[in-house]
Amino acid sequence: MTNILNMTLAQIARLIDGKVEGDASMVITGISGIKEAKKGDITFLANARYYSLLKTTKASAIIVDKKTDKNGRPVIRTDNPYIGFVKIMEYLQINKEMPLPGIHKTAVIGKNAKLGKNITIEAHVVLGVDAQIGDNAVVFPGVFIGNGARIGANTLIYANVSIRERVIIGSNVIIHNGAVIGSDGFGFTPIKGVFNKKVPQLGTVIIEDDVEIGANVTIDRATVGRTRIGRGTKIDNLVQIAHNVDIGEHCVIIAQVGISGSATLGNKVTIAGQAGLAGHIKIGDNTIITAKSAVTKDISPDMCVSGYPAIPLKEEQKIKAYRNRLPEIYKTIQELSQKIRKLEKKLG
Amino acid sequence: MTNILNMTLAQIARLIDGKVEGDASMVITGISGIKEAKKGDITFLANARYYSLLKTTKASAIIVDKKTDKNGRPVIRTDNPYIGFVKIMEYLQINKEMPLPGIHKTAVIGKNAKLGKNITIEAHVVLGVDAQIGDNAVVFPGVFIGNGARIGANTLIYANVSIRERVIIGSNVIIHNGAVIGSDGFGFTPIKGVFNKKVPQLGTVIIEDDVEIGANVTIDRATVGRTRIGRGTKIDNLVQIAHNVDIGEHCVIIAQVGISGSATLGNKVTIAGQAGLAGHIKIGDNTIITAKSAVTKDISPDMCVSGYPAIPLKEEQKIKAYRNRLPEIYKTIQELSQKIRKLEKKLG
Amino acid sequence: MTNILNMTLAQIARLIDGKVEGDASMVITGISGIKEAKKGDITFLANARYYSLLKTTKASAIIVDKKTDKNGRPVIRTDNPYIGFVKIMEYLQINKEMPLPGIHKTAVIGKNAKLGKNITIEAHVVLGVDAQIGDNAVVFPGVFIGNGARIGANTLIYANVSIRERVIIGSNVIIHNGAVIGSDGFGFTPIKGVFNKKVPQLGTVIIEDDVEIGANVTIDRATVGRTRIGRGTKIDNLVQIAHNVDIGEHCVIIAQVGISGSATLGNKVTIAGQAGLAGHIKIGDNTIITAKSAVTKDISPDMCVSGYPAIPLKEEQKIKAYRNRLPEIYKTIQELSQKIRKLEKKLG
């Protein structure tokens, strides 16, 4: 395996705030899911449904909760086994994967760029005039950061990302490969002699702290003002966010969703994959939008909506159930017609 | 604000062909939407619906039409206030955002490349053998332009775009970050011993003048012949255009649309977001295809279609309305059944 | 035309294992589809439906099967005319389009990288520490290949592709521009004080031999373990493949499809454009999923499914047909109601 640990159970228990039952000096060399685990790995059991795997897994140790019968296996007990597992992954992540600080000689740094402490700027990066990079930020190869753009502290930008001029990105943000932040909004207007005259897009994009943006996502800059992605929001791959969209805090937007211009999302909104939102609508806090839905108008807070146009999920499910019974409904109607004809005949 | 103007009302009025009412020497420092405007900004009022905002906006001046009551506010009167606003944005765009001409020392220019006058080729651009760049074209960092590709005059190509060999791009074209033009069409054929043998894609792509192509769009090259994007067509982000597609002039294609191989679009076709078109179909001039539709066969000119499979919008809307009444329809049928049973009983 | 041949009919016949009827010394200068062909081109006739075009095509020669009446035209006869045409295209591809081997001076090669024989690494490529490149592989400009990643022999990677650390890519693989392989899976978990804590994604991606990956595709790395794309599978543009997905051999996945986390596909599965698959489901061998479908649960082998949620295609088609008759169904119900009212009246 490539994710190599080299820790005793005792060390791991300390890391994840757990307690060993079994040989605390046993050396663990890898981590894995409970099905795929092999000798030397540590795994976890978070769901009682998979209890039978605790007996059969090839893992050398299992992280379990405080009550699970360990069935004679070496375990680490902790309050939340999954969180324990995540903590090991974080430890591995921090210690193995990050490049060393420094500015590669092939990087092109614009005039008056402000560079924070301990930053990493890798090969072929282009940083525009007046751009800023916060402390400890890491910029992978081939990234373009336009004039006047600002990147916050501890932010991680993967290879071949494009960030246009004046875009503002907060701290602790992660931007995956190929994402585009600050491309022109899609704005045109008819004008004498021109079918679709381009409307310049002079606004910007603001990405707040703790946001994660997936690979090949596109976020357009505002016409004037800003497109905003609120603090803690997580955006999956290939999502489209149009100009002047305002996304609140801690939203979760799954892959291939499209959000049209000037739509406003509250906080903690969840949008499942391939859904689409019309322009200029307002989505309340805590709303859930199911996969492939098309939201065409405002949605009140705390709703779960589905379908095209999106309506409350339960209504949509009911309608879908009846839709599947359409052949039966049609048959019933024909039978009723026949019966009525018979009755009519009888009555003359 | 980042979009800094520094013009008097008189200067702005001259720029947009308008007439000041109020202090013509007032200095304007920014532009903004009417809701977000603050002191020093100029904004516009294009829709009578928002008239009340004219009284409350914090903007220092408002562009209005020839008839609107100015309510004591400083205004510039012009025929079309939105177009006036767009003209100011264009002025800002031209004067502030464009990089200076020149070829960056890290750019790699292929043999026999033909470079026009006054071009800008930024850092880490790769220009292939025999490639051509027209006068005043601007190529941002990290762009790849393949052998024999041709870029027209005044064309603007943003960072990290990939243009494959022999692709032909017209004048006044804008291509946003991460777009891919000329990738292989998706063509395979079964052949003895191979399940899916690749069919080489030897054609090309032709992008005509005045086209705009969104971020992370993909346009495949033709198998033989060419994929074509007609003059003035505007393509939003993350759109997929397959091999041998032929798109007419002045079409508008919204984000995440997919167009399958060899489909043909007439002129002034509009396709809303996340719609999909089957291969080898023909879409007539002035057609409108609504969001998320699936067009499976030819569409006559001047139609507005919707749904899956796409049918005329009014029909689809009618069917959708009935679909939502399915629970009611089902209930009615059950009531009718009961009534008939009663009648049958009565009649013996 | 840009695809210039310069071969006699006799030479072409030898290349495609065919037999000339006509002047074998005639020089052919291009290839083309039968409709677009012009003087000097060779084309093919694979479908009897287009026989009339054999008489009218401007092509100088036509590849036909063993039985077709050549109508006095110069032809090459071969078992499968389309395969013959593909062979010419392959010949052109091999002889014209590939860059020469070598490592460009602007490429950055990490420590301990293992470079095979006869490889091509073009400008501004970044190859990580411990990365491996197989014999004859071609890497276009601007590609990023992370630490420890491995690229097999004869593999072709187009410009601006991003391949993250430790990803393993087989032989004879083609990866189109802008594709991202190995970005973090979309995994978060609630934890004390944090709404969505990132779960590190420490697994990898394995791309097996003979796979083709389209432009701007995104394939996420596994949380632990690997995301897998099986041998011979072909993936079109803008497809999203989430973490821990396992795709079998010889699958065909059309543009803009999204596959959620931990879904498993058998061999020879076909997924048409813009379809979506839920997470953790299992799709059997030889399954076909129609365009825009939403697959929400396991699908047995050899099924063709459609709709949302996806059901057997024939059922979905039937339901769709009845759906379109909903206005008629509604009208019938109203008529039946009236008739019943009349009957009730009669019966008192």
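Residues numbered from 1 in each chain as written. Chains lettered and ligands numbered in written order. Predicted model: local features only at pLDDT ≥ 70, side-chain atom pairs only at ≥ 80, totals over all residues.

**A word on the overall build of chain A**
Okay, so step 1: Counting its secondary structure elements, chain A contains five helices and 39 strands.
Okay, so step 2: In terms of C-alpha radius of gyration, chain A reaches 27 Å, well past the compact-globule figure of 20 Å for 348 residues.
Okay, so step 3: Taking the principal axes of the C-alpha coordinates as reference, chain A spans close to 95 × 75 × 30 Å.
Okay, so step 4: Taking all 348 residues of chain A together, 55% fall into the buried category.
Okay, so step 5: Sequence separation of at least 24 residues holds for 21% of the intrachain contacts in chain A that already meet a minimum separation of 6. (Helix = DSSP H or I, 4+ residues; strand = E, 2+ residues; numbered from the N terminus. Rg over C-alpha atoms; globule rule 2.2 N^0.38 Å. Buried ≥ 20, exposed ≤ 12 C-beta atoms within 10 Å, placed from the backbone. Contact = placed C-beta atoms within 7 Å.)

**Focus: the sheet that holds strand β1 (residues 4-8) of chain A**
Residues and elements named next belong to chain A.
Okay, so step 1: Overall, mixed pairing links the six strands, which are arranged β1-β3-β4-β5-β6-β2 in an open sheet. The open sheet has two edge strands with one neighbour each: β1 and β2 (19-21). When the angles between neighbouring strand axes are averaged without regard to direction, this sheet yields 35 degrees.
Okay, so step 2: One ladder, built from three bridges, connects β1 with strand β3 (residues 27-31); its direction is antiparallel. Paired with I4 across the two strands is G30, which belongs to β3. (Pairing = 2+ DSSP bridges. Axes fitted to C-alpha atoms, helices over the stretch in contact; angles between N-to-C directions.)

**Digging into the relation of the copies chain A and chain B**
Copy one and copy two of the chain differ by a rotation about a common axis and a shift along it.
Okay, so step 1: For the pair chain A and chain B, the relating rotation is 120 degrees, the translation along its axis is 0.1 Å, and the fit reaches an RMSD of 0.1 Å. When the rotation and shift are considered jointly, the pair of chain copies conforms to a three-fold rotation axis. (Least-squares fit on C-alpha atoms with pLDDT ≥ 70 in both.)

**Looking at the interface of chain A and chain B**
Okay, so step 1: With 50 residues of chain A at the contact, the number on the chain B side is 55 residues.
Okay, so step 2: Counted by class, the side of chain A that touches chain B contains 23 nonpolar, 18 polar and nine charged residues. (Nonpolar A, V, L, I, M, F, W, Y, C, P; charged D, E, K, R; others polar.)

**Observations regarding the domain arrangement of chain A**
Interfaces are frequently sized by the accessible area removed from exposure as the parts join.
Okay, so step 1: Per the domain assignment, the segments making up chain A are domain 1 (4-96), domain 2 (102-315) and domain 3 (322-347).
Okay, so step 2: Taking only C-alpha atoms, the centre of domain 1 of chain A and the centre of domain 3 of chain A are 63 Å apart. (Domains from an automatic or database assignment.)

**Here we look at the interface of chain C and chain B**
Okay, so step 1: Contact with chain C, which involves 55 residues of that partner, is made by 50 residues of chain B.
Okay, so step 2: Among the elements of the structure, α3 (81-96), α4 (313-324) and α5 (326-347) of chain C are those that each provide at least two residues to the side of chain C that touches chain B.
Okay, so step 3: Take the side of chain C that touches chain B: its biggest share by element is ten residues, from α5 of chain C.
Okay, so step 4: Taken together, the residues that form the side of chain C that touches chain B break down as 24 nonpolar, 22 polar and nine charged.

**Thoughts on the sheet that holds strand β14 (residues 144-145) of chain A**
Residue and element names in this part refer to chain A.
Okay, so step 1: Taken in spatial order, the ten strands of this open sheet run β8-β11-β14-β17-β20-β25-β28-β31-β34-β37, and their pairing is parallel. Sheet topology places β8 (108-109) and β37 (294-295) at the edges, where each strand pairs with a single neighbour.
Okay, so step 2: Two elements, strand β17 (residues 162-163) and strand β20 (residues 180-183), share two bridges in a ladder whose sense is parallel. Within the sheet, the bridge partner assigned to S162 lies in β20 and is V180.

**Considerations on the packing of helix α5 (residues 326-347) of chain A against α4 of chain C**
The packing of two helices is summarised by the inter-axis angle and the distance between the axes.
Okay, so step 1: Taken N-terminus to C-terminus, the directions of α5 of chain A and α4 of chain C make an angle of 55 degrees; their axes are 9 Å apart at the nearest point. What the angle tells us is that α5 of chain A and α4 of chain C run oblique. Along its contact with α5 of chain A, which presents L326, P327 and Y330 of chain A, the element α4 of chain C presents K318, I319, Y322 and R323 of chain C.
Okay, so step 2: In the contact of α5 of chain A with α4 of chain C, the residues fall into five nonpolar, no polar and two charged. (Parallel < 35°, antiparallel > 145°, perpendicular 65-115°, else oblique.)

**Re the pairing of strand β4 (residues 41-44) of chain B**
A regular strand places its side chains on the two faces of the sheet in alternate fashion.
Residue and element names in this part refer to chain B.
Okay, so step 1: Side chains D41 and T43 project from β4 onto one buried face, and the interleaved I42 and F44 project onto a second face that is buried too.
Okay, so step 2: Pairing analysis gives three bridges linking β4 to strand β5 (residues 61-64), with the strands arranged parallel. Residue pairing for β5: T43 is matched across the bridge by I62.
Okay, so step 3: A crossover links β4 with its parallel partner β5, the connecting element being helix α2 (residues 51-56), and its sense is right-handed. (Right-handed = clockwise from strand over helix to strand, strands pointing away.)

**Observations regarding the environment of S337 of chain A**
Okay, so step 1: Its place among the elements puts S337 of chain A in helix α5.
Okay, so step 2: Sequence spacing of S337 of chain A and H243 of chain A is 94 residues, and the spatial spacing of their C-alpha atoms is 55 Å.

**As for the pairing of strand β22 (residues 194-198) of chain A**
All names here are of chain A.
Okay, so step 1: Bridge analysis of strand β21 (residues 188-191) against β22 gives three bridges, and the strand direction is antiparallel. Along β22, the bridge assignment pairs T189 with K197.
Okay, so step 2: Adjacent in sequence and paired antiparallel, β21 and β22 are bridged by two residues, among which G193 carries a positive phi angle near 85 degrees.

**Concerning the environment of A310 of chain C**
Okay, so step 1: One can find A310 of chain C in the loop between β38 (304-306) and β39 (311-312).
Okay, so step 2: Not counting residues within four places of it along the chain, the set of residues in contact with A310 of chain C comprises I289, S293, A294, V295 and V305 of chain C.

**Digging into the confidence of the model for chain A**
Okay, so step 1: A residue-level look at chain A finds 99% of positions with pLDDT of 70 or above and a mean pLDDT of 95.
Okay, so step 2: Predicted as a complex, the structure gets a pTM of 0.95 and an ipTM equal to 0.94. (pLDDT = per-residue confidence, 0-100.)

**With respect to unusual backbone geometry**
Okay, so step 1: Cis geometry is adopted by the peptide bond preceding P309 of chain B, which originates at Y308 of chain B and carries an omega value of -5 degrees.
Okay, so step 2: Its place among the elements puts P309 of chain B in the loop between β38 (304-306) and β39 (311-312).
Okay, so step 3: Positioned with a positive phi, N118 of chain A is a non-glycine residue whose angle comes to about 65 degrees.
Okay, so step 4: Mapped onto the fold, N118 of chain A is located in the loop between β9 (114-115) and β10 (120-121).
Okay, so step 5: The residue N71 of chain B is not glycine, and still its phi comes out positive at about 55 degrees.
Okay, so step 6: Mapped onto the secondary structure, N71 of chain B falls in the loop between β5 and β6 (75-77).

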